[in-house]
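Descriptive structure summary
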Amino acid sequence: MKENIERASGHILIIFGASGDLTRRKLIPALFNLFLKDLLPEKFAVLGVSRTEISDDVFRTKMSEGIKVHSDAEYEEEKLDNFLRKLYYTPIDTSYGDDYVKIKDRLHKLNNDLNTGSNYIFYLSTPPSLYPIIPMYLSKQDLNKSGTGFRRLIIEKPFGYDLKTAAELNNKLLEYFSEDQLYRIDHYLGKETVQNVLVTRFSNGIFEPLWNSKYVHHVEITSAESIGVENRGGYFEGSGTLRDMIQNHLMQMVGLVAMEPPSSFDSNAIRNETMKVFQSLRKLSPEDVLKNVIRGQYINSSVRGEKMKGYREEKDVDPNSRTETFVALKFYIDNWRWGGVPFYIRSGKRLPTRVTEIVIHFNKTPHWLFGHYQTAAEANNQLVIRIQPDEGMLLKFAMKVPGQGFQVHNVNMDFHYSDLKNTYVPDAYERLLLDCMLGDPTLYTRGDAVEELWKFMGPIQEAWEKNSDIPLYGYPSGSWGPDVADNIVEGEQLTWRYPCKNLSDDGLYCEL
Ligand code: BG6
C-alpha cells in the first residue's frame, strides 16, 4: 500500500450517476477535501454524466451546495472556486449506446485542453442495472483500452444479489475490462479505523501471539445504526440487511480480523489472505440457519416521546414486507487458527445508537483464585476495536479493588483517536478515491472474494426464500433488535456487548 503523500498522474474522473445523492453527498466533498490537502494531481478534471440536462455551470452550483453541506473542512471561498472550475458535465442517456460518442468527444477535448494524459477513471454510481451496460458502451468507443493512458473502473455496491448474479456481473465486466482495471468499492475498507485493525495486529508484538483459538473465546462484530431506511425504502426492499451490510461490510471486517499475516503489504498479498479466510468459512446447513441466524424488522415505537415509524410504514415499502432490517448470525472459520472459535456478527437499522465495533473476547484464566466473578463476561478480557464513532480501542482487564481482601473489578484501558493531536479522520471515500488514482487496489474487493462471500450467504438466502416458517421477528425501533438474538451466543451467561455512543461508557450508565 502506498503512502498518502504520493501524487497521482493527471487524469479525468468520469462519474456516471452524477446527479445522484452519492455524488453530491460523498464523492465531490471527498474530492474537494483531497484538493484542499493538495493530494489531487495538478492536471485533473471531473466529468459528471447523467440524464439530467444541465450545463457545466449548473452542475458546479449543485456540487458547491453539496460541499457546503457535506464537507466539514475549513476553506476560503477562492479555494472552492478553484476546485469547482475542475468540474464539467455532459448529459447523456446512459442506456443508449450512440450517446457515448458525446462522452468520447468531450473527453478528447478536455484531455487536449487540460493535458490529462488520456488517463480516465470511470465511476459507476448508477442503478446496478446499468453496471453491465455502461462498460459495454465504453468499450464500443474504445474507452476501456489502456494504451495511451490508464483506464480504471470503480463500481459501487451492490455487487450482485447472490452468487449467480455476482458471477454474471463479474463475467460481463471482464469482457470489457481486466481484473486489474476493476475497483469494487466497499467503503468500510476505506475507513481509517478498519485499516487500523491491520496495524494493531501486525505492528504490535503483544496481540498477535494471542490472536487464535488457544486464547480467543469468541469474536463479535456489531454495526448498528439508529436511523431507519430514510428515503431508500425502494432500494432496501430489494436488498435487506443481509445484502446491504452483512455480505460486504461486516464480512470484510471479518476478513481483516481473521486473516493470516501477509508476506508483504502488497495488494495481492493482503487480498490473498482475506480470500483464504472467506474460503474457510464453514458452510451453514439449513439447521444452522434456523438456529444461528436471526432476522428482524423494526416496528413502530415511541422513543423519548417521539413516535417512530415501523419499517412497513416507510415510504416505498410494501405494507406486508418481509425484508429484514436486522440480522445476527453465528458461524465458524474452519482453519488452523480459528478452529472452534465462534464468530458473532450483527447489524441493524433503528437500533439505540450508531456504533460499529469489533470485540475480541479472550478466554478466562484456567483457574479462578478470587472468589466468584459476577458475570461470565467479567472473567474474559475484552479488546474492543471501535470503528465509529468515538474511534479508538479499549482493553478490559481485572484489577484488585484497593483495601482488605482480594476483590476484583474490571477496568478499562482506553485510547480515543480524539486524544491525538491530529484528530482529522478522513472520510472513507477520500482514501478510496485517492488509492484508485494511485492505482492501488488493496482496499478494493476482488471479484473472487465477492463471489466467495455470496457463496457463504447462499444457504441463508435459500432458506429464507424457501422456508416461510423461519421467523422474521419484529423489534421496536430504538431497541437492540429481537431478544432471541441473545440466544445464539454460546456459553453460560454470555451475551452480546451492548455498546454506547462513547467507547468507554458501559456498565452503569450509557449515553445513547
Ligand atoms: C451502506 C448501506 O453501504 O452503508 C447503508 O447501503 C448503510 O444502508 C451504510 O446505512 C452505513 O455506512 P456507515 O459508513 O454510515 O456506517
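Definitions and cut-offs
- Chains are numbered independently. Their residues run from 1 in the order of the written sequence.
- Only residues with pLDDT of at least 70 get local features here, since the model is predicted, and only at 80 or more are side-chain atom pairs given and counted; chain-wide, interface and lining totals rely on the full set of residues.
- Side-chain metrics in this entry use all non-hydrogen atoms of the structure; hydrogen atoms and water are not considered.
- A pair of strands is treated as paired once DSSP finds two or more bridges between them.
- In this description a helix means any DSSP run of H or I spanning at least four residues, a strand means any run of E spanning at least two, and both kinds are numbered starting from the N terminus.
- Between N-to-C directions, angles cover 0 to 180 degrees, with each direction set by a line fitted to C-alpha atoms, over the stretch in contact for helices.
- A contact between two residues is defined here by any heavy atoms of the two lying within 4.5 Å.
- Geometry of aromatic contacts follows a simple scheme: Phe, Tyr and Trp rings, the Trp one being its six-membered ring, pair when their centres are within 6.5 Å, and the pair is stacked under 30 degrees between planes, edge-to-face over 60, tilted otherwise.
- For the exposure calls, accessible area comes from a 1.4 Å probe over protein chains only, and a residue counts as buried if that area is under 20% of its type's maximum, exposed if over 50%, partly exposed in between.
- Whether a charge lies above a ring is judged from NZ of Lys or CZ of Arg, which has to be within 6 Å of the ring centre and within 35 degrees of the ring normal.
- Any angle that is under 35 degrees is reported as roughly parallel, and any over 145 degrees as roughly antiparallel; angles of 65 to 115 degrees are reported as roughly perpendicular and all others as oblique.
- Two helices crossing with the near one rotated counterclockwise from the far one by less than a right angle form a left-handed crossing, whereas a clockwise rotation gives a right-handed crossing.
- Residue classes follow a fixed rule: Ala, Val, Leu, Ile, Met, Phe, Trp, Tyr, Cys and Pro count as nonpolar, while Asp, Glu, Lys and Arg count as charged, and any other residue, Gly among them, counts as polar.
- Only a single heavy atom is needed: when it lies within 4 Å of a molecule or strand, its residue is near that molecule or strand.
- As used in this structure description, the phrase polar contact means that two N or O atoms lie within 3.5 Å; if the pair is within protein, one of them must be able to donate a hydrogen and the other to accept it, and residues adjacent in sequence are counted only when both atoms belong to side chains.
- Note on areas: Shrake-Rupley with a 1.4 Å probe; residue coverage comes only from the protein chains shown.

Right, let's talk about the sheet that holds strand E17 (residues 473–476) for a bit. Taken in spatial order, the 9 strands line up as E16-E15-E14-E13-E7-E12-E11-E8-E17 in an open sheet, and their pairing is mixed. Each end of this open sheet is capped by a strand with a single partner; those strands are strand E16 (408–416) and E17. This sheet shows a mean twist of 20° between the axes of neighbouring strands, independent of strand direction. By the bridge criterion, 4 bridges tie strand E8 (residues 293–299) to E17 in an arrangement that is parallel. By the bridge assignment for E17, Gly296 is matched with Tyr473. Of the strands in this sheet, strand E7 (216–224), strand E11 (326–332), strand E12 (342–348), strand E13 (355–362) and strand E14 (382–388) touch helix H9 (residues 240–258), which is tilted by about 140° from E12. Against the sheet, helix H14 (residues 447–466) touches E8 and E11, its axis set at about 130° to E11.

Looking now at the sheet that holds strand E4 (residues 120–124). Across the sheet, 6 strands lie side by side as E3-E2-E1-E4-E5-E6; this open sheet has parallel pairing. A strand with exactly one partner marks an edge of an open sheet, and here the two such strands are strand E3 (87–91) and strand E6 (182–184). Each strand axis lies, on average, 20° off the axis of its neighbour in the sheet, ignoring direction. Pairing analysis gives 3 bridges linking strand E5 (residues 151–155) to E6, with the strands arranged parallel. By the bridge assignment for E6, Leu153 is matched with Leu182.

With that out of the way, let us pick up the packing of aromatic side chains. Overall, the coordinates contain 22 aromatic pairs when judged by the stated rule. Both rings, one in Tyr183 and one in Tyr444, keep their centres 4.9 Å apart while their planes meet at 85°; by these two values the pair is edge-to-face. In this pair, Tyr183 sits in strand E6 while Tyr444 sits in the loop between helix H13 (428–437) and H14, placing the two residues 261 residues apart along the sequence. The pair formed by Tyr183 and Tyr444 is uniform in burial state, with each residue classed as buried. Here a set of aromatic residues connected by ring pairs shows up, and it is made of Tyr235, Phe236, Tyr298, Tyr311, Phe326 and Tyr475. A cation over a ring is seen here: Lys400 above Phe406, with NZ or CZ 5.5 Å from the ring centre.

Axes are the key here: two packed helices are described by the angle between their axes and the distance separating the axes. H13 packs onto helix H1 (residues 21–36) with a crossing angle of 65° between their chain directions and a minimal axis gap of 9 Å. Considered as vectors, H1 and H13 are oriented roughly perpendicular to each other. By crossing handedness, the relation of H1 to H13 is classed as right-handed. Seen from H1, the contacting residues are Leu22, Lys26, Leu27, Ala30, Leu31, Asn33 and Leu34; seen from H13, they are Tyr429, Glu430, Leu433, Leu434 and Met437. Residue classes in the contact of H1 with H13 are distributed as 9 nonpolar, 1 polar and 2 charged.

Here the focus is the site of the ligand. Lining the immediate surroundings of the ligand are 13 residues, of which Tyr188, Lys191, Glu225, Asp244 and His249 lie closest. Within the side chain of Glu225, an N or O atom sits 2.5 Å from an oxygen atom of the ligand. The separation between an oxygen atom of the ligand and a polar side-chain atom of Arg232 is 2.9 Å. Expressed as a share of its isolated accessible area of 400 Å², the protein-covered part of the ligand is 82%. The biggest single contributor to the shell around the ligand is H9, with 3 residues. For the shell around the ligand, the residue count by class is 3 nonpolar, 3 polar and 7 charged.

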